[in-house]
Structures are given as C-alpha cells and as structure tokens.
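Coordinate inspection notes
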Amino acid sequence: MASANGNSDVELIARVASKDRVAIEVLYGRYQVRLFRFLVRLVRNEAVAEELTNETFLEIWRTAGRFESRSSPSTWMFAIARNKAVSLLRKRSEAELDDDAAMLIEDEADTPEVAAQKGDKAALIRACLARLSADHREVVDLVYYHDKSIKEVSDIVGIPENTVKTRMFHARKKLSELMAEAGVDRGWP
Amino acid sequence: MSENGTGRSAERDEIEMLLPWYVTGTLSDDDRVRVERYLADHPEAAQQLELIREEQDETVAVNEALGTMPAGALDKLLAQIEETDGPAIARAQRPGLLETLAGWLAIFNTPVLKFAAAAAAIVIVAQAVVIGSLVRDEGPASYETASAPTEVAPAVGTRLLIAFAEGATAAQITGLLEEIEGTIVSGPKAGGLFEVRISETELTDSAVESVVAGLKQRTNIIRYVAISN
C-alpha cells in the first residue's frame, strides 16, 4: 500500500532501484538493527555480522531493480542477509570465525544446570535456547523475535512451509528436553 | 481421531505446530480460526500458550541484548555506494518535502554558518521544522503546525529525551524514529531536546536501557539521549 510520504518498504525499494540514496538511508535506518542481530545470531561474531550487514545493504542497493513483490521487502532483505551468512559459513570453519579478533558472542553466562539451581527460570530458558542447534535457533529467532509468519520463514530459509512448522515444533521440544535435563519439567511435550 | 506413535492425536500435533505463530499474531486467518476452535474445545491446551510466551520473552531478551551497528557504518556504506556508482547526481523529479527540508538542513550546516555564534540555535530551529513534519499522525496527539511544536500528548508510556546531531538529515531522523517506533511528543525544549515516546506502555528498565545504549552509538544522528522521567 502506498504511504503518504513514499516511505513504505515497497516504495523505498522502488526508489532504491532508481538509485535514490535517501531511500537507502531510510531503509538502512529501518532495518539495520534487525538484520545485524539476525546475522550476529547466525555467525556468532559481531565484527563479521557488521561486515555482512554492510554487504547486505550493498546488495540491496545493487539489486533492488530485481525485487519482485512475490515476498515482502523485509523477507527479501532477510533472505539476502541469510545467503550472505550461509556463503561465508561454507567458506570458513567455525574455528576461523572464532579466531577473529572481534568480540566473540557469549550466549549465556550460566549453564542450564546452574540457572536451574538458582531457580532462575528465565535464565534457564535463555541458557537452553543457546544450546539449540543453529537450524533450530534460526527458526526460533525468526518466529519469536522477528515476527515472521510460516510463509516468510519458508521464503527466508528456503525450506517448505511444512518443514518450517516441524522444525519449530522440534526446536520447542528440544528446548523442553534441555530444561528437563536441568531438572525443570515444563509438562510438555 | 487418528493417533500417532506417541499416543497423541495427529490433530493436536498439527495445532501445536501452529501455536507459536498464533501467539505472535502471524497466522493466516484460516489457521487462526482453526486454532481458536481447537482451543475452545480443548481448554487444557491453553497452557501451551503460556509456555510459548515464556519462550518468546526470553528469545526477545537474548536478541535485545545484542548490540547495533557501530556509529559510522552508514557512512561507510554510502562511501562504498559512491565508489561503485559515483557521486550522487541531482534527480530530475521534483524533490519531496523531506528532501527539501533535508536540503535546508544542509544549507544551515555550511561551514560559514557552522562557526557563527547562532548556528546551533538555527540548526535546532531547522530540525524542529523538519521534525514537526515527521511526527506521526496520531489524531489529536499530532502537531497542528510544523513550525510551532507544542506539548501534544499526555506523559504516558516510555519516553526518552533526545537531541539530534547537528548534521543529522531529515532522512536519518525519519529512519531512526521508524526504527525505534518513536513518536515525538514534545519539544524542542531547552538544549534542543525532544521528548520521544518509544512505547505506549512502561517498558522494563533493562529494555529501555538497551534502547538508550543502542541510540548512544548513533552519534551521526543523536548527540544526546536519556530516559525521560
């Protein structure tokens, strides 16, 4: 839907396609935090995520003319960011990423067991979230933090919608299992 | 009703798979109706919703604890764009209001004025004009005129005091306000401060501090930010 000031995401992408630099600035302001955090969680390294965020916006700048409204601009941009991360992770081993001089992301200070002993349920959930597989964590982040629908996750990750549903389901089951191992029974599944 | 290998009904599994999206409000209408019908028939399943909300709260907390792009990252991007495409060229179409106002700001920031005694005040006034045009349409809460901002909203929700950097353009300010879903509710006050509401509810201290910490890094747009009491 067109906005009064030409600033809807679709309009901004169209303006970027015509090489409007103000539009890329607005788009950057609107999405840099979300894309950066999405990338940090994928590559687990802030400096690398910064580079990838920058590369993502450069690609948006270069390829905005090819954007087709089959998906939302947000989904399209997340997919670009994800592809950047996947390409990099294929090229570089996790050890190499960890060796970067940049700050390594610490997922959680406490182990699930320590959090459980402290009786801190929120910390326990966070500790268990940090121990999910990369595939599970990605879907959980996209659904719970980035508010993506089943179709949007499917488009971003490049997997069928049914796989999105089962992956999220298994991620949640795994979370409950990890919590149970730490001594907290959630009563599900 | 079919049973799967664990003795749970296939329907229950299917519905449980949809619940995370039901909680985040991103289900299709058909699936939402299906879930609501199931929950009405199986009130015990509502317990799942509480577990999902817990998971969501902590996922949000983990992500919100992450930083933001460093100050200067946008400049780096624009420099790379310039390197690729050459300097920005004047566009043929008539510039819009925001671009025009951004242009005014650029004029006010020429070196001559930059060193004039009144430069800061002029920039603040210019930004007030720009910002007046950026205030979201919130019915009675919006400004009546761009040039005469007034107190427009009751002091509810979570608010910050923000002074924008002298060189901040209208586009940058717009982008930032949209990014933090902020609404300017009053200003400019002494020192060029604007009161910006970032939530209609009272956010937790840690959530607000996280937002403030992120904003403090945006030195190209913001020169001062603090929690408004």
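Residues numbered from 1 in each chain as written. Chains lettered and ligands numbered in written order. Predicted model: local features only at pLDDT ≥ 70, side-chain atom pairs only at ≥ 80, totals over all residues. Heavy atoms only, no water.

So, on to the overall build of chain A. Check the secondary structure of chain A and you find 10 helices and 0 strands. Going from the N terminus to the C terminus, chain A shows its helices and strands as α-α-α-α-α-α-α-α-α-α. Of the contacts made within chain A by residues no fewer than 6 positions apart, 56% connect residues no fewer than 24 positions apart. (Helix = DSSP H or I, 4+ residues; strand = E, 2+ residues; numbered from the N terminus. Contact = heavy atoms within 4.5 Å.)

This part is about helix H10 (residues 161–181) of chain A. Residue and element names in this part refer to chain A. Its 21 residues place the ends of H10 30 Å apart at the C-alpha level, agreeing with the 30 Å of an ideal helix rising 1.5 Å per residue. Among the residues making up H10, those that are buried are Val-164, Lys-165, Arg-167, Met-168, Phe-169, Ala-171, Arg-172, Leu-175, Ser-176, Leu-178 and Met-179. One or two residues past the end of H10 sits Gly-183, with phi positive at roughly 100 degrees. (Expected span 1.5 Å × (residues − 1). Buried < 20%, exposed > 50% of the residue type's maximum accessible area, 1.4 Å probe, protein only.)

Okay, the interface of chain B and chain A next. Accessible area lost during the coming together of the parts is what is often quoted as the interface size. Chain B puts 55 residues into the contact, and the matching count from chain A is 52 residues. Summed over both sides, the interface between chain B and chain A buries roughly 5,000 Å², with carbon and sulfur atoms accounting for 60% of that surface. The three residues of chain B that bury the most area against chain A are Trp-21, Glu-55 and Met-69 of chain B, which together make up 15% of that side's buried surface. The interface formed by chain B and chain A includes 8 salt bridges. The shortest N-O distance in the salt bridge between Arg-172 of chain A and Glu-55 of chain B comes to 2.7 Å. At the junction of chain B and chain A, the tally comes to 19 residue pairs in polar contact (both at pLDDT 80 or more). Where the side of chain B that touches chain A is concerned, the elements lending two or more residues are helix H1 (10–24), helix H3 (46–64), helix H4 (73–85), helix H5 (97–108) and helix H8 (170–179) of chain B. Top element by residues in the side of chain B that touches chain A is H3 of chain B. It accounts for 14 residues. Taken together, the residues that form the side of chain B that touches chain A break down as 22 nonpolar, 17 polar and 16 charged. (Buried area = accessible area lost by both parts, 1.4 Å probe. Salt bridge = Lys/Arg side-chain N within 4 Å of Asp/Glu carboxyl O. Polar contact = N/O pair within 3.5 Å; in protein donor to acceptor, adjacent residues only side chain to side chain. Nonpolar A, V, L, I, M, F, W, Y, C, P; charged D, E, K, R; others polar.)

All right, on to the nonpolar core then. Ile-24, Leu-27, Val-43, Phe-57 and Ile-60 of chain A are the most contacted members of the largest nonpolar core, which totals 75 residues. Ranked by residues supplied to this core, first place goes to helix H2 (residues 21–43) of chain A with 13 residues. Two domains each donate at least three residues to this core, and these are domain 1 (1–97) and domain 2 (106–184) of chain A. The contact partners of Phe-57 of chain A, leaving out residues within four places of it in the chain, are Ile-24, Leu-27, Tyr-28, Tyr-31, Gln-32 and Leu-35 of chain A together with Leu-77 of chain B. With 19 residues, the next largest nonpolar core counts Phe-164, Val-196, Ile-198 and Val-225 of chain B among its residues. (Core = buried A, V, L, I, M, F, W, Y, C linked by side-chain atoms within 4.5 Å. Domains from an automatic or database assignment.)

Turning our attention to the sheet that holds strand E2 (residues 183–189) of chain B. All names here are of chain B. Strands sit in the order E2-E3-E1-E4 across an open sheet of 4 strands; the sheet is antiparallel. Two strands in the sheet have a free side with no partner beyond their single neighbour: E2 and strand E4 (222–227). The mean inter-strand angle of the sheet, taken between neighbouring strand axes irrespective of direction, is 25 degrees. Where strand E1 (residues 158–164) and strand E3 (residues 193–199) come together, 5 bridges link them in antiparallel fashion. The residue bridging Arg-159 from the neighbouring strand is Arg-197, located in E3. (Pairing = 2+ DSSP bridges. Axes fitted to C-alpha atoms, helices over the stretch in contact; angles between N-to-C directions.)

Turning next to the pattern of salt bridges. All told, the structure shown has 21 salt bridges over all chains when counted by the stated rule. With a closest N to O distance of 2.8 Å, Arg-70 of chain A and Glu-68 of chain A form a salt bridge. Here Arg-70 of chain A falls in the exposed class, since its relative accessible area comes to 72%. Two residues, Glu-16 of chain B and Arg-12 of chain B, come together in a salt bridge whose shortest N-O distance is 3.2 Å. Separated by 4 residues within a single helix, Glu-16 of chain B and Arg-12 of chain B lie in helix H1, roughly one turn from each other. Owing to a relative accessible area of 5%, Glu-16 of chain B belongs among the buried residues under this scheme. Within the structure, one salt-bridge network assembled from shared partners comprises Lys-121, Arg-172 and Arg-186 of chain A together with Glu-54 and Glu-55 of chain B.

A separate point is the pairing of E1 of chain B. Residues and elements named next belong to chain B. Counting buried positions over the 7 residues of E1 gives 7, a clear majority of the element. In E1, alternate side chains face the same way, and those of Thr-158, Leu-160, Ile-162 and Phe-164 on one face and Arg-159, Leu-161 and Ala-163 on the other are all buried. Here E1 runs beside E4; their pairing, made up of 5 bridges, is antiparallel. Across the sheet, the residue bridging to Leu-161 is Ala-226, located in E4.

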